[in-house]
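This is what each chain is made of:
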Amino acid sequence: MSIRNEFLKKVKRSAARMDPYVWGGQGQKLRKMSLIDLSKMETSSDNLNKVASYVFNKVNCGVDMSKCKIFDCSGLPTYYLGVLGVLPYDTTAQGLYNLCKKEGCIIKMSEAKPGDLVFRGENDKNIVHVGTYIGDMKVVEAKGRKYGVVTTDFSDGGWGYCGDILKALHAE
């Protein structure tokens, strides 16, 4: 299986599991995290409560959270690209965008293909969010504490930029 297809499989699995969003989350196993661990990662007690409510509500609805990992928006693609051995470091949404731009891999939104990253920001120097385009006008993103990792419609995301991260990493 190609790296692109393996990357897509992993990202889609994260959405199917309904992995929680936690600030600074980079694939840590939820079941190994205590509330104290999570409180050290989160930015406020209000945000920690949102994460706890998300997990509690999912469990209450019968969702098996035992295999979940935690992610923030950039932690999701960087974790799986790291697992696949093509991105040896952590970076932010801005860092992922900058890498694509440096390698000449920013592409038109209309040219997005499954496995490309999509970015949101005021401009290309203020990228604040990243998702993974999975095809059929869908994006997998670590959307926020109330939502976790979800599949959303491409047209609902306010995405303004697109980058072929695998080409930028010379991993096609």
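Remember, it's a predicted structure, so these values are computed and weren't measured experimentally.

## Some details on the environment of Leu81
Assignment of secondary structure puts Leu81 in helix α4 (residues 75–83). Owing to a relative accessible area of 0%, Leu81 belongs among the buried residues under this scheme. Spatially, the C-alpha atoms of Leu81 and Arg4 are 9.6 Å apart, while their sequence positions differ by 77 residues.

## Here we look at unusual backbone geometry
Here the phi dihedral of Met18 falls at roughly 65°; this positive angle occurs in a residue that is not glycine. Mapped onto the fold, Met18 is located in the loop between α1 (3–17) and β1 (26–29). Judged by its relative accessible area of 27%, Met18 falls in the partly exposed class. Positive phi values are uncommon outside glycine, yet His170 reaches one of about 55°. Tracing the chain through its elements places His170 in the segment after α6 (165–168). Classification of His170 by relative accessible area gives exposed; the value is 65%.

## Let's talk about the pattern of salt bridges
Following the criterion strictly, the structure yields twelve salt bridges and no others. In this structure, Arg17 engages Asp19 in a salt bridge whose closest nitrogen and oxygen atoms are separated by 2.7 Å. With relative accessibility at 17%, the residue Arg17 sits in the buried group. Since its relative accessible area comes to 0%, Asp19 is described here as buried. Measuring nitrogen to oxygen at the nearest pair gives 3.8 Å for the salt bridge that ties Asp124 to Lys125. Judged by relative accessible area, which is 66%, Lys125 ranks as exposed. Through salt bridges that share partners, Arg4, Lys113, Asp116 and Asp164 make up one connected network.

Calculation criteria
- Residues numbered from 1 in each chain as written.
- Predicted model: local features only at pLDDT ≥ 70, side-chain atom pairs only at ≥ 80, totals over all residues.
- Heavy atoms only, no water.
- Helix = DSSP H or I, 4+ residues; strand = E, 2+ residues; numbered from the N terminus.
- Buried < 20%, exposed > 50% of the residue type's maximum accessible area, 1.4 Å probe, protein only.
- Salt bridge = Lys/Arg side-chain N within 4 Å of Asp/Glu carboxyl O.

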